[in-house]
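Survey of secondary and tertiary structure
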Amino acid sequence: MGVCREVERLGETLRGLRIRLSVLGCRSNLYEGEALAGELASRGATVTDKPDTYDAALIVSCSVTAAADKKCRQAVRRARREVDSRGKNGIVAVCGCWAQALDADEARKMGINVLAGNRQKNLLPGILETAVTGEKNFIDVRRDVGGERLWDSLSLERPFLRTRVFLKVQEGCDHFCSYCVIPFLRGRSTSRPLDEVLSEARRVVERGCREIVLTGTHLGMYGRETDTSLAELVGKLSAMSGLARLRMGSLEPFTLDAKLLDALAGSPVFCRHLHLPMQSGDDAVLARMRRGHKAEDFERVCDMAREALGDDLHVSSDVMAAFPGEDDAAFENTLKMMEKVKLGRVHVFPYSPRKGTEAAGFPDQISSKAASERVKAATALGASLLERYASRFAGRNLSVLIEENDGDSFTGYTRNFISAAVRSETELEAGEEVNARMTESSGGRLFGVRA
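Residues numbered from 1 in each chain as written. Predicted model: local features only at pLDDT ≥ 70, side-chain atom pairs only at ≥ 80, totals over all residues. Heavy atoms only, no water.

Below, the discussion takes up the overall build of the protein. A tally of regular secondary structure across the protein gives 14 helices and 18 strands. Here the C-alpha radius of gyration of the protein, 22 Å, is about what a compact globule of 451 residues would show, namely 22 Å. When its C-alpha atoms are laid out on the principal axes, the protein stretches across 60 × 60 × 45 Å. Considering the protein as a whole, with its 451 residues, one finds that 55% of them fall into the buried category. The contacts in the protein between residues at least 6 apart in sequence include a share of 75% that link residues at least 24 apart. Taken as a whole, the protein presents about 19,400 Å² of accessible surface, with 47% of it coming from carbon and sulfur. One way to put it: in the protein the 65 positive side-chain charges average out to a point 2 Å from where the 64 negative ones average out. (Helix = DSSP H or I, 4+ residues; strand = E, 2+ residues; numbered from the N terminus. Rg over C-alpha atoms; globule rule 2.2 N^0.38 Å. Buried < 20%, exposed > 50% of the residue type's maximum accessible area, 1.4 Å probe, protein only. Contact = heavy atoms within 4.5 Å. Areas by Shrake-Rupley, 256 points an atom, 1.4 Å probe, with all protein chains shown as cover. Lys, Arg positive; Asp, Glu negative; His and termini not counted. Charge placed at Lys NZ, Arg CZ, Asp CG, Glu CD.)

Okay, structure coming up:
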């Protein structure tokens, strides 16, 4: 953005303003939060993610489940209470998926001043500048994104809130699983131009970022509507000077084809970890979910991935418990599949009816009690599987990218995405990659000493 009188005037408007940025939900939201933080800071604001005294709150919202909706409401109420405690008219702004569907009258009653939906987040810095002048007490810039394929032109200059960088390269989804509201809230699949992705990646690497995580609503679809592909992007990023680590965000199993696996296997910087959402291990449930694959297909993809990337590959996953019609036998099939494919980290959550989705109208909904019991059982198995996977690395030397100092040791993640605590006689800095001898594992976490 070039410097002009209008930008200078707007910059003065935000100068000295303390904005608390809260990001809920997915990695795409994390990217968008980072990009917004950088733009707001460039206009003079002080941006924090700490629960401290602030003048305005910006919440990047999520609506993937009913629990996510509840967290958004709680975040708004807390923010309204805290900005009001400053004794002046503080601003509460909300953007993202929950904001996209929120009734305007309800938003006003909750004390929200700004509502920005998806594919409109790039407008937020300017909207906040209007809001803080007091010209309007409620601004709503949402639009219907159901058929939208435009790219929201957010851009990241440098890591702002964390050591690794989430780089958003794809938006939206055309798949329409029967339980998922996200395609209605984020719009149709579209890919960021390859040259823009590479330019942003070079920029963050030149400013000290050592790890990039590619992310998107449906990441594996990157480039499908253009003349490029995720495999080509991986190849170009892998050749980029200064980049030490490259990770993938969540990949739907049917998008992990031989071409992409070859690109990942040939990359010197790709970290041996893939997140492949399983959701269920039962064919009947998968069919009702409209996932587009069977249980045996998921097993085959995991086998292909380990054949290409090595048996030490960490496969993490998502599991949805208590989908409508899931009986005890179907749930047992899910538990068996979790073990069969040797998952590591597993995110388990109960099915949540989402208004407007096909599954919300299914008559055979599962009771909350049964859902809670199944979540508990799958979570316990997931913890056991993660511990089993992590324990194989006790006694080995592993590279750890340091994120913070927790007092007794320095913490970060190994290249295969295991949390690790490293003791060192000398101070380690965030963003520093060190070699450590892993002495033990506990609770799915590794503990070691700098080698």
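This next bit is on helix 6 (residues 124-132). When helix 6 is considered as a whole, its buried residues turn out to be L124, P125, I127, L128, E129 and A131. A positive phi of about 80° marks G134, the residue just after helix 6.

This next bit is on the packing of helix 9 (residues 230-238) against helix 10 (residues 258-265). Between helix 9 and helix 10, the least distance of the axes is 8 Å, while the angle of their chain directions is 10°. Relative to helix 10, the element helix 9 lies roughly parallel. Two secondary-structure elements touch here, helix 9 through L230, A231 and V234 and helix 10 through K259, L260, A263 and L264. (Axes fitted to C-alpha atoms, helices over the stretch in contact; angles between N-to-C directions. Parallel < 35°, antiparallel > 145°, perpendicular 65-115°, else oblique.)

Let us now look at the pairing of strand 1 (residues 18-23). Here three bridges tie strand 1 to strand 2 (residues 46-48), and the two strands are oriented parallel to one another. Along strand 2, the bridge assignment pairs R18 with T46. Once you follow strand 1 into helix 2 (residues 27-42) and on to strand 2, the crossover reads as right-handed. Bridging between strand 1 and strand 3 (residues 56-61) involves five bridges; their strand directions are parallel. Residue pairing in the sheet places L21 in a bridge with L58 of strand 3. (Pairing = 2+ DSSP bridges. Right-handed = clockwise from strand over helix to strand, strands pointing away.)

The next thing to look at is the sheet that holds strand 16 (residues 419-423). Taking strand neighbours around the barrel as the criterion, the five strands line up as 14-15-16-18-17 in a closed arrangement whose pairing is mixed. Between one strand axis and the next, the sheet turns by 50° as a mean value, whatever way the strands run. Sheet topology note: the strand 14 (residues 397-405)/strand 17 (residues 433-442) ladder contains five bridges and is antiparallel. Pairing of L401 across the sheet is with E433, part of strand 17. Contacts from helix 14 (residues 368-391) reach strand 17 and strand 18 (445-450) within the one sheet, and its direction differs from that of strand 17 by about 125°.

A few words now on the environment of Y54. Here Y54 shows up in the loop between strand 2 and strand 3. By relative accessible area, Y54 is classed as buried at 3%. Leaving out residues up to four positions away in the same chain, Y54 has contacts with R18, R20, R78, A79, E82, V83 and R86. Within the local environment of Y54, its side chain forms a polar contact with the side chain of E82, the two groups lying 2.4 Å apart. (Polar contact = N/O pair within 3.5 Å; in protein donor to acceptor, adjacent residues only side chain to side chain.)

With that settled, the discussion passes to the pattern of salt bridges. Using the criterion set out here, one finds 37 salt bridges in the structure. Note that R20 and E82 form a salt bridge whose closest N and O atoms lie 3.9 Å from each other. Linking R20 in strand 1 with E82 in helix 3 (residues 66-84), this pair joins segments that are 62 residues apart in sequence. Classification of E82 as partly exposed rests on a relative accessible area of 26%. R388 serves as the salt-bridge partner of E339, at 3.8 Å between the closest nitrogen and oxygen. In this pair, E339 is assigned in helix 13 (residues 328-340) and R388 in helix 14, connecting sequence segments 49 residues apart. Take E339: its relative accessible area is 39%, and that puts it in the partly exposed class. Among the ionic contacts, a cluster of salt bridges with common partners joins R164, R210, E211, R245, R247, E403, R415 and E433. (Salt bridge = Lys/Arg side-chain N within 4 Å of Asp/Glu carboxyl O.)

Scanning the entire structure with this criterion turns up six aromatic pairs. When the centroid spacing of 5.3 Å and the interplanar angle of 75° are considered together, the rings of F323 and Y351 count as edge-to-face. With F323 in the loop between strand 12 (314-321) and helix 13 and Y351 in the loop between strand 13 (346-350) and helix 14, the pair connects residues that are 28 residues apart, well separated along the chain. Overall, the relative accessible area of 0% leaves F323 in the buried class. On the numbers, 5.2 Å between centres and 70° between planes, the contact of Y389 with F393 is edge-to-face. You can call Y389 buried: its relative accessible area is 6%. On the basis of relative accessibility, which here comes to 2%, the residue F393 falls in the buried class. Of the aromatic side chains, those joined through ring pairs into one cluster are Y179, F323, Y351 and F362. (Phe/Tyr/Trp six-rings, centres within 6.5 Å; stacked < 30°, edge-to-face > 60°.)

Right, let's talk about empty space enclosed by the protein for a bit. Going through the model one piece at a time under the given rule, you end up with one cavity of 30 Å³ or more. Volume-wise, the largest cavity comes out at about 40 Å³. Taken together, R20, S22, Y54, A57, I59, A75, R78 and A79 form the lining of the largest cavity. At the level of elements, strand 1, strand 3 and helix 3 are the ones that each hand at least two residues to the lining of the largest cavity. Per element, the largest residue contribution to the lining of the largest cavity is three residues, and it comes from helix 3. Tallied by class, the residues present in the lining of the largest cavity amount to five nonpolar, one polar and two charged. (1 Å grid on protein atoms, 1.4 Å probe; cavity = no way out; pocket = protein on both sides within 12 Å on 5 of 7 lines; lining within 4 Å. Points joined across faces, edges and corners; volume = space filled by probe spheres on them. Nonpolar A, V, L, I, M, F, W, Y, C, P; charged D, E, K, R; others polar.)

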